[in-house]
Structure formats: structure tokens, C-alpha cells
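# An overview of the molecular structure
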Amino acid sequence: MEKKRNIRTWIGDIVGILVCFFVFVIPFLFMLINSLKERREANKLSLALPSNVEWNNFIEVIQTNDYQIFNAFKNSILLTAGAVLLLVICSSMAGYVIQRRNDRPVKIASTIIMTGLMIPAAVLPTIWVMQTLHIYKTLPGMILVEVALQTPFTIMLYRGFMSTIPIELEEAAYIDGCTPSQVFRMIIFPLLKPVTSTVIILDAVTIFNDFTNPLYFFPGNENATVQVTLYNYMGQFSSAYNLLFADVLIITIPMLIIFLIFNNKIVDGMVAGSVKG
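Report follows, based on the coordinates. Note that the coordinates shown come from a computational prediction; the quantities given were computed from them, not determined experimentally. (Residues numbered from 1 in each chain as written. Predicted model: local features only at pLDDT ≥ 70, side-chain atom pairs only at ≥ 80, totals over all residues. Heavy atoms only, no water.)

### Digging into the environment of phenylalanine 211
Here is the rule: Only DSSP runs of H or I reaching four residues or more are called helices, and only runs of E reaching two or more are called strands; each is numbered from the N terminus. Any two residues having at least one pair of non-hydrogen atoms within 4.5 Å are treated as being in contact.
Position of phenylalanine 211 relative to the elements: it lies in the loop between α9 (193-208) and α10 (212-217). As for phenylalanine 211 and valine 226, which are separated by 15 residues in sequence, their C-alpha atoms are 8.5 Å apart. Excluding residues within four positions of it along the chain, phenylalanine 211 makes contact with Gln227, Val228 and Tyr231.

See the structure below:
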């Protein structure tokens, strides 16, 4: 019986590796190979090796539109850093209150927040609100949009982790004369380090790789983010797939490296609170 179980486990591992290979590795190799081809050869969209390796494609991508990609990286980094900072501060406090309080107003607020996981953003009403507030096409406005979109998921993570923190720690702090803000700042928030690491990584990758929202709410060449630069190589009548794939690789590798380095922290933070000991 044990031998059969080991065989099934072994077969399951092989199947999982093959699935990951076809889902993740082959598309990456496809982009890498075609990014090294000349334009006509790359437009065939095949996995055939390039006849001549064109490293100049990456240089051309960097030089496109007067080095637009550097400004795009700056916009994406500022957008990601600002949104993640607000998400960590606001969602950690919200998750703390929702987990610790059980009254009717908090339950209603929790239901409304969790509904945000299922309801997509309404583009035109959001643009109207942003124009009314005079934050349309501005970086602060785009940061607020990303925060609004990621808040439900982030609060859910914090709320799940908060259930693993003994309430006796807070009670002891109150006895020692701490205020609620001091309890959260000095005791609770430092204990949230595992889930905060998860939140930072997941939200940073999601926001940095966002394409549609900056396209709608942060338009303009000077406001371009790294994902929007992909439009430079796609046109109505012609496309440069070699440059497109080179651009994809340039803007994907930084977040891919971060994701691989902190992969264990992501898993630990997401499963924390799912099982109570």
C-alpha cells in the first residue's frame, strides 16, 4: 500500500513538473528566442532558433521614444511604492479592527469590502469621479485607484493572519496603560511581518504588471508605465514582435527575480491563519 502511494506521489510530481514546464518555461523560451530574431523572422512566431542573434533588439527597445522605458520604470516604481505603502498601512489597521470587533457595523463594512473581490472596476464612472476631484491623469489619482482595487484582497490576508495573534497580548498591554493606537503600533504591527512581506510582494507584482488601469486612468506618453510601453511595437498595419518580446523580457525580469527570491515568504504569509493550532 505504501509502495503504491509513493508511485502515485512520484507520478503526480512528474505531471506537475511537466505542466509547469509547458505553462511557464515554454512561453518564456518562446519570447526569448523571438526577441533575438530580426523582425521578419520573429513575425512568424515560431520556436525555431534565430538564424542570426540580434542583441541590438534590446538596445533599440531602450532607445525607443527617446529612452521612454526609463521614464516608464520611474512611473511604475513610484506607482507601485506609493500604492503598496498605503495598502500596508490602511489594510493592516482595517484587518485588525474587522478581526477583533464583532459588532453589526463592522460586519456590514466587512461584507462591503469583501464584495470588492467580485465586482470589477467601472471605468467611466471612475474617470468621472477622478475628473471631478481633479486627479485624473495624475500619479496620486492612479495610486488611489490601485489601492482601491487591491484593498479587499489585502484586508483578507491581514484578517486571516490576525486570528493567529493571541488577544491576551493586547489585554496585557491595556493593563500596562497602552492606548489602542500604541497597542497596534508597538505590539500588533511588528507581529504582522510575515503577512506584510506577502502583501508587499503580491501587491507590488500585481500593480507593477498592471496594464489596463494605467491605460484608462493614467494616459499620456509622459505618464506611460512599463506595461503600456508594449503599445510601441503593436500597430494596426504592422507589428515588431522581436521588439515586443524584448520589451516584455526587460519589464518582466525585475519582478520575476523578486518573486522567485521571496516565494517562500509568499506561501507562508498566505497559509498563516488558515489552520488554528
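There's plenty left to go through after this.
### Let's talk about the environment of glutamate 146
Mapped onto the elements of the fold, glutamate 146 is located in helix α6 (residues 139-162). Expressed as a C-alpha distance, the spacing of glutamate 146 and tyrosine 231, which sit 85 residues apart in the sequence, is 21 Å. Aside from chain neighbours lying at most four places away, what touches glutamate 146 is Leu79, Ala83, Ile207, Asp210, Asn213 and Pro214.

### Side note on the side chain of threonine 64
How we decide: Type-normalised accessible area, obtained with a 1.4 Å probe on protein chains alone, sets the label of each residue: buried when under 20%, exposed when over 50%, and partly exposed for intermediate values.
Looking at the secondary structure, you find threonine 64 in helix α3 (residues 56-100). For threonine 64, a relative accessible area of 17% translates into the label buried. Excluding its chain neighbours within four sequence positions, the residues that come into contact with threonine 64 are Asn232 and Tyr233.

### A few points about the nonpolar core
Applicable threshold: We define a nonpolar core as any set of buried Ala, Val, Leu, Ile, Met, Phe, Trp, Tyr and Cys residues linked to one another through side-chain atoms lying within 4.5 Å.
Grouped together as the largest cluster of nonpolar side chains are 30 residues, with contacts concentrated most on Ile188, Leu192 and Val195. Of all elements in the fold, only α3, α5 (123-132), α6, α8 (180-191) and α9 reach the threshold of two or more residues within this core. A per-element tally of this core places α6 first, with eight residues. Dropping the residues within four chain positions of it, isoleucine 188 is found in contact with Tyr96, Met162, Ile165, Glu170 and Val183. If you look at the next biggest cluster of nonpolar residues, it comprises 22 residues, including Val205, Leu243, Ile251 and Met255.

### Concerning the pattern of salt bridges
Let me state the cut-off plainly: The term salt bridge refers to a pairing of a side-chain nitrogen on Lys or Arg with a carboxyl oxygen on Asp or Glu at a separation within 4 Å.
Taken as a whole and assessed by the stated rule, the structure comprises two salt bridges. Between glutamate 170 and arginine 100 there is a salt bridge whose closest N-O contact spans 2.6 Å. With glutamate 170 in helix α7 (residues 168-175) and arginine 100 in helix α3, this residue pair connects regions lying 70 residues apart in the sequence. With relative accessibility at 23%, the residue arginine 100 sits in the partly exposed group. As a salt-bridge pair, arginine 101 and aspartate 103 come within 2.4 Å of each other at their nearest N and O atoms. Using a relative accessible area of 44% as the deciding quantity, one classes arginine 101 as partly exposed.

### A word on the packing of α3 against helix α11 (residues 241-261)
For clarity, the cut-off: Every axis corresponds to a line fitted to the C-alpha atoms, with the helix fit spanning only the stretch in contact, and the corresponding angles, defined between N-to-C directions, vary from 0 to 180 degrees. Oblique is the label for any angle not covered by the other classes, which are roughly parallel (under 35 degrees), roughly antiparallel (over 145) and roughly perpendicular (65 to 115). A crossing counts as left-handed when the near helix is turned anticlockwise from the far one by less than a right angle, and as right-handed when that turn is clockwise.
Relative to each other, α3 and α11 sit at 50°, their axes nearing to 10 Å. Accordingly, the angle class assigned to the pair α3 and α11 is oblique. By crossing handedness, the relation of α3 to α11 is classed as right-handed. Here Asn57, Phe58, Glu60, Val61, Ile62, Ile69 and Phe73 of α3 come into contact with α11, specifically with Asn242, Leu243, Ala246, Asp247, Leu249, Ile250, Ile251 and Pro254.

### A short note on the packing of aromatic side chains
Selection criterion: Aromatic pairs are defined between Phe, Tyr and Trp rings, using the six-membered ring for Trp, whenever the two ring centres lie within 6.5 Å; interplanar angles under 30 degrees are classed as stacked, those over 60 as edge-to-face, and all others as tilted.
Scanning the entire structure with this criterion turns up 10 aromatic pairs. Of the aromatic side chains, those joined through ring pairs into one cluster are Phe30, Tyr241 and Phe245.

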